[in-house]
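What follows is each chain in one-letter form.
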Amino acid sequence: MFESHERVRLRRPDGLYIGGQWREASAAADLVSPSDEAVHSRVAAATAADVDRAVAAARQAFDEGPWPRMSAAERAGYMRKFAAGLRARADAFAAAWSLQTGIPITIAAHGLADPGRMYDYYADLIERENLVTVHRRDNGGHAIVAREPVGVVAAVTPWNHPSHLMALKAAPAMAMGCAIVGKPAPESPLDMFLYAEVAEDIGLPPGVFNMVPCGREASDHLVRHPGIDKVSFTGSAATGAHIASVCASRMARSSMELGGKSAAIVLDDMPVETVVATLVDGGGVRMCGQGCAFLTRVLVSRKRRDELADAYAAKMREVVIGHAFEPSVQMGPVAMRRQLDKIMGYIEQGKAQGARIVTGGGRPDHLVGVPEGKGFFVEPTLFVDVTNEMAIAREEVFGPVISMIAWDDEAEAIRLANDSPYGLNGAVYTQDADKAWAIARRIRSGNFSQNGLEHDSMFPFGGYKLSGTGREGGPWGLDAYTEIKTIYMPHPPAAVA
Ligand code: NAD
């Protein structure tokens, strides 16, 4: 029996949306609430045969359908309707995020106040963008350079921020004229069912958006599928490296938004109270560390280490922890048992390798609204006496675990920040803008902020090194869904578009 949660009422929990139609699922998935371990929904899951159907439908839409050949203004019209349909379901998207991943409902409601934003943004952008430019050549002829859609896109997302991460892919891909096969993580597929309802309601041309919620096996089938022109992936570095090599073997395009182990360098001119006011949130504690860009390594001068550690730990102890749907809760559980086990494993490894816990390290004593002994909870945890060689300093824990590392001079701080396999984000805390700028240019990461963790989807986001390839967000986000064609003609045609 398929069913959805009362806060995320799905029209067709039993269906996969493929080629503009709901198709009865051949498999099912039970979704477990991380707050209380109850099964909250039973929804359709896709098999490899469903993946084949979805790719065929997307191919048909791209190769034969109207979508890529419409004017930008027509596509933008559909996208604005799509945005409005998503916005009308804002409460359901927030509840779905909270229910599936343990993000407190207040954070989810704020973060997803407008789930249609990226679609409106790319609708406006594509109407303004000049996709075709005409150039006069030295020989008197013309070269016309056209930016064209990359084709059928497999959009593969992780569990931690499902609808926003899909929007960062689907919105620019749709704007360029691509057809999409959306593949959410098996733990958080609900958002794709809501997307499908909107696609159906607005009469999006069949096959432009298809969804195949599935696990690793069927997903692997998707990224290997010869009908896929491009894989846009967000997830772990290990899976990303595997998919990138699969794509490279047949020259399919790929872009990768992967993990991070980002450092915040705290310089001595910043008062400790000012630092912790934003650094604890920047460390992702309230989202239980379940984000890629969080500042999980804190690099501080040896002489101020204890002062900062005490202030940081005090802030961590204030956090109200409990059921993700409780309005007073500031930090929920981690999304799944596997994740909890992994985090506890890192905490044990940190202790065994000689790091010292200042606060946390276990299950919280007091939990708001949680049945006794239930839920995947871990205390906000601060380690000091960490060296950059330890596993807790090098690997992505993806939990509320912070490693504080001491430096003796600023050159060492920069070296420590860069001594990481990842390069997603970074920060410096200082009042000196010139120094902040100089350090920003020395750090090998795709994003960097002064005095906090800033992020804005109107600007490019992505990683250096193991954190990935390509960028999402803003006008740069269109590049991932673009092929460039050069057409030579003696004279340009009357109208180019
Ligand atoms: P994951 O790599 O395990 O899974 C991500 C997606 O890939 C899921 O949909 C999964 O089903 C699918 N997948 C797994 N194996 C596959 C295979 N062999 N072929 C095709 N698809 C496959 O990651 P996760 O645990 O879901 O997510 C957490 C990771 O995501 C963290 O590393 C985090 O840093 C990263 N992340 C990065 C960003 C970013 O923008 N850089 C944003 C959010 C999360």
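Conventions we followed
Residues numbered from 1 in each chain as written. Predicted model: local features only at pLDDT ≥ 70, side-chain atom pairs only at ≥ 80, totals over all residues. Heavy atoms only, no water. Disulfide = S-S within 2.5 Å. Buried < 20%, exposed > 50% of the residue type's maximum accessible area, 1.4 Å probe, protein only. Pairing = 2+ DSSP bridges. Helix = DSSP H or I, 4+ residues; strand = E, 2+ residues; numbered from the N terminus. Axes fitted to C-alpha atoms, helices over the stretch in contact; angles between N-to-C directions. Salt bridge = Lys/Arg side-chain N within 4 Å of Asp/Glu carboxyl O.

Undergrad: I'd like a rundown of the state of the cysteines, residues and numbers included.
TA: All chains considered together, the criterion is met by zero disulfides. No disulfide involves C214; its nearest neighbouring cysteine sulfur is the one of C247, lying 15 Å away. Look at C214 and you get buried, because its relative accessible area is 3%. Free of any disulfide, C247 has its nearest neighbouring cysteine sulfur in C178, separated by 14 Å. The class for C247 is buried, based on a relative accessible area of 0%.

Undergrad: With reference to specific residues and values, describe the sheet that holds strand 5 (residues 132–136).
TA: Sheet strands line up and pair through hydrogen bonds in the backbone, either parallel or antiparallel. The three strands lie next to each other as 5-6-22, forming an open sheet whose pairing is antiparallel. The strands lining the two open edges of the sheet, one partner per strand, are strand 5 and strand 22 (482–489). Strand-to-strand twist of the sheet, defined as the mean angle between neighbouring strand axes without regard to direction, takes the value 20°. Looking at chain direction, strand 6 (residues 142–149) and strand 22 are connected through eight bridges and run antiparallel. Looking across to strand 22, one finds that H142 is bridged to M489.

Undergrad: How would you summarise the pattern of salt bridges if you had to cite specific residues and measurements?
TA: Enumeration over the complete set of coordinates arrives at 32 salt bridges. In this structure, R87 and D114 form a salt bridge, with 2.8 Å as the shortest nitrogen-oxygen distance. One end of the pair, R87, is in helix 2 (residues 72–88); the other, D114, is in the loop between helix 4 (105–111) and helix 5 (117–128), and 27 residues separate them in sequence. Ionic pairing is found between R224 and D220, a salt bridge with its closest N-O pair at 2.7 Å. Of this pair, R224 and D220 both sit in helix 8 (residues 216–224), separated by four residues, roughly a single helical turn. On the basis of relative accessible area, D220 is assigned to the partly exposed category, the value being 22%.

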